Amino acid sequence: MLEKYRRATSESYKLWKRALQVYPGGVNHNLRTFGLHRIGLYPPFMERGEGSHIWDVDDNEYIDWWMTHFSLILGHNHQNVRNAIQARISDGLHLGALNRAQVEFAEKLQDAIPYLKKVRFSVTGSGALMYAVRLARAFTKKRLVAKARGGWHGGNDALLYHIKYPFSDEPIRNGVSFEFNDQQSLDSLLKRNAKDLAAIVIEPMLGAGGGLPPEPEFLPYLREETEARGIILIFDEIITGFRLCFGSAGKEVFGVEPDLITLGKIVAGGMPLGAYGGREDIMTLAEPGKTGGVWVGGGTFSSHPLSMVSGIATLETLHSLKREYKTLNQRGNRFRDHLNEKFEMKNHHILATGVGSIVFLHWLKKAIGDSPITPSKIGNAFDPTKQDLLQAALFEQGIFGYHGLGGISFAHTDKDIQMSQEALFRAISEVNTQHR
Ligand SMILES: Cc1ncc(COP(=O)(O)O)c(C=O)c1O
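These lines cover the structure that appears in this document, whether it is placed above or below. (Residues numbered from 1 in each chain as written. Predicted model: local features only at pLDDT ≥ 70, side-chain atom pairs only at ≥ 80, totals over all residues. Heavy atoms only, no water.)

**Things to note about the packing of aromatic side chains**
Note on aromatic pairs: each is described by the distance of the centres and the angle between the planes. Evaluation of the coordinates by the stated rule reveals 21 aromatic pairs. Consider the rings of F34 and W66, whose centres lie 6.1 Å apart with planes at 85°: the pair is edge-to-face. Pair noted here: F34 is in the loop between helix 2 (10–22) and strand 1 (46–50) and W66 is in the loop between strand 3 (61–64) and helix 3 (67–70), with a separation of 32 residues, a long-range link. Judged by its relative accessible area of 4%, F34 is buried. Between F34 and F395, the ring centres sit 5.6 Å apart and the planes meet at 75°, which makes this aromatic pair edge-to-face. Here F395 lies in helix 14 (residues 384–396) and F34 lies in the loop between helix 2 and strand 1, a separation of 361 residues in the sequence. A single burial state applies to F34 and to F395, both of which are buried. Counting every residue linked through ring pairs, the aromatic cluster contains F34, Y62, W66, F70, F360, F395, F400 and Y402. One Lys or Arg, K147, reaches over the ring of Y161 and ends 5.1 Å from the middle of that ring. In this arrangement the basic side chain of K342 is found over the ring face of F425, its NZ or CZ atom lying 4.9 Å from the centre. (Phe/Tyr/Trp six-rings, centres within 6.5 Å; stacked < 30°, edge-to-face > 60°. Helix = DSSP H or I, 4+ residues; strand = E, 2+ residues; numbered from the N terminus. Buried < 20%, exposed > 50% of the residue type's maximum accessible area, 1.4 Å probe, protein only. Lys NZ or Arg CZ within 6 Å of the ring centre and 35° of its normal.)

**So, the environment of L206**
For L206, the location among the structural elements is in the loop between strand 7 (197–202) and helix 8 (218–229). With a relative accessible area of 0%, L206 lands in the buried category. Placed 133 residues apart in sequence, L206 and I73 show a C-alpha to C-alpha distance of 18 Å. Contacts of L206, omitting those with residues within four sequence positions, involve A148, R149, G150, G151, F180, G211, L212 and P375. (Contact = heavy atoms within 4.5 Å.)

**Here we look at the environment of L129**
Relative to the assigned elements, L129 resides in helix 6 (residues 125–140). C-alpha separation for the pair L129 and Y276, spaced 147 residues apart in sequence, amounts to 7.3 Å. In this view, L129 contacts H153, N156, L159, V201, D236, I238 and T262; residues no more than four positions away in its chain are not counted.

**As for the packing of helix 14 against helix 15 (residues 414–434)**
In contact at an axis separation of 9 Å, helix 14 and helix 15 are set at 130° when each is read in the N-to-C sense. Between helix 14 and helix 15, the angle falls in the class oblique. Along this stretch, helix 14 crosses helix 15, giving a crossing that reads as right-handed. Counting all contacts with helix 14, which are made through K386, L389, L390, A393, L394 and E396, the residues of helix 15 involved are L424, A427, I428, E430, V431 and N432. (Axes fitted to C-alpha atoms, helices over the stretch in contact; angles between N-to-C directions. Parallel < 35°, antiparallel > 145°, perpendicular 65-115°, else oblique. Left-handed = near helix turned anticlockwise from the far one by under 90°.)

**Some words on the sheet that holds strand 9 (residues 260–264)**
Pairing within the open sheet is mixed, and its seven strands lie in the order 4-10-9-8-7-5-6. Each end of this open sheet is capped by a strand with a single partner; those strands are strand 4 (118–122) and strand 6 (175–178). Between one strand axis and the next, the sheet turns by 20° as a mean value, whatever way the strands run. Sheet analysis places strand 4 next to strand 10 (residues 274–278), joined by five bridges and oriented antiparallel. Within the sheet, the bridge partner assigned to V119 lies in strand 10 and is G277. Strands strand 4 and strand 9 of the sheet are contacted by helix 5 (residues 100–112), whose axis makes an angle of about 125° with strand 4. (Pairing = 2+ DSSP bridges.)

**As for the sheet that holds strand 14 (residues 404–407)**
What the three strands build is an open sheet, ordered 11-12-14; its pairing is antiparallel. Of all strands in the sheet, those with a lone pairing partner are strand 11 (350–353) and strand 14, marking the two edges. Here the strands of the sheet are splayed against their neighbours by 15° on average, with no regard to which way each runs. Taken together, the three bridges between strand 12 (residues 358–363) and strand 14 define a ladder with antiparallel strand orientation. Note on strand 14: the bridge partner recorded for V359 is G406. Most of the contacts of helix 12 (residues 324–345) go to strand 11, to which it runs at about 165°, and overall it touches strand 11, strand 12 and strand 14.

Dropping the structure here:
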C-alpha cells in the first residue's frame, strides 16, 4: 500500500524533498504533513479543486473530505465566489482604508447572527480568538481563561495548551482546562477558579479534539454557570458557524447564546478571515480611544476587500441554500450511523464521530466505554499507528481527508459518499493486512 502511494506521487515527493530544505519539517502548518512523516511518507501536494474533488501535482484525483480545513462548504471553485473575487480584483487589491464591502459583509453576518451586536475582522481565526480573549480580560479585569481539553483555537499564545491527549492537569500561566462533556470536571474547575476566570472558550462541537457533539445538557449548564459568575462565555464557531445551519450552531442548533463568538473558515469562502464579536458592552472596549478599552485588531490586511467580497458571495449563496442544511446534516448523520453499524458488524475497532456534515474516524485499540464520549476516553483508547496507516491508505484510495475523513459540502454527491465508503473499507482492509 505504501509502495503504491509512493509510485503514484513521484512529483509530490520531489516537491517534498525541496520543501524540507526551506521549511522546518517541510510545512507551514504542522497539520499538513497529515501525520504521514510518522510512517516514513510525505503528503500529496495539491494543484486544483473543483466541487467536491481535488487533484494533486501527479494528477491523482481525490474525493475531498478535508475541504480546505472545513472551509469550503460550497465546494471548490464555486462560481459565485470566484466571480465576486474576479470582479473586485481589477480595482486594486487592498487600499489600506475602509471599504464598502466590509460594511455589507458585517451587516450580513449580523442578519444571520442577531446576537452579534458588534463585530471585528482579523486575518485568521487564531487572531480572532486572541482578540476575543483580550476583550474578555479587559471587560472582567481578570487574567485567567479556561478552555475545553482538546480544543484547537489556532496558534495564539492565549489558548495554545492542553490540546493533545494525555492532557496535563497542570495549569499553565493564565490558563486552565476542563474535560468536554464532563460536568464534574467543569464543576471542579469552577470550584477552584471561578473567581479568577475572565472567560471560558469552547467549540460547541469539539472539532480537532475529536469531532464530539455536546451532550444535550452540557452547553446550557455551562451557560448558566458562567452567567451566574460573570465569566464571559466565548463560542469558537470557526468550524461550526454556518456549518450546521445558516448562522451560529451554538444558538440555533444547541440552544445556547454565548457572550462572544468567533468565526472564520466558511464565512469567507476560502479567503483568509477571522471574525469576533457579540455583546455590545464588551465589544465597545475595542473603540479607538475608549476609556478602559483595549487594543484589538490592527492587522494591515484586516477586512481585505477580497475576503470581504468572497464572504458576501458565500453568505448570499448559503442564504439561498438555508433550507438545504437540513438535508446536508441528515446525509452526514446517516453516513456516520451507517459506518458505525458496519464497523460493529465487521468487528473493526473504529468509531465515527461528528455532527451533521462532519465525520471523524478514530481507530481504537479498545472500546471506549459508556457515553458521554470525551476527548480523554478517545485518547486513552486511540491507536495512533493504525490511524496513520489509515490516513495513507485513504490517500492511496483517492480520499483526501483528515481526522479520518472530515466533512461533506453542498457539492458532494451521493456517488461521492458511496465511493468514499467503498474506498474506506478497502483502506481498512489494507491497514489490517499490513499491520495486525
Ligand atoms: C475551532 C477553531 N478555532 C480556531 C482555528 C484557527 O483558525 P485559523 O487557522 O484561521 O487561524 C481553527 C483552525 O483550524 C479552528 O478549527
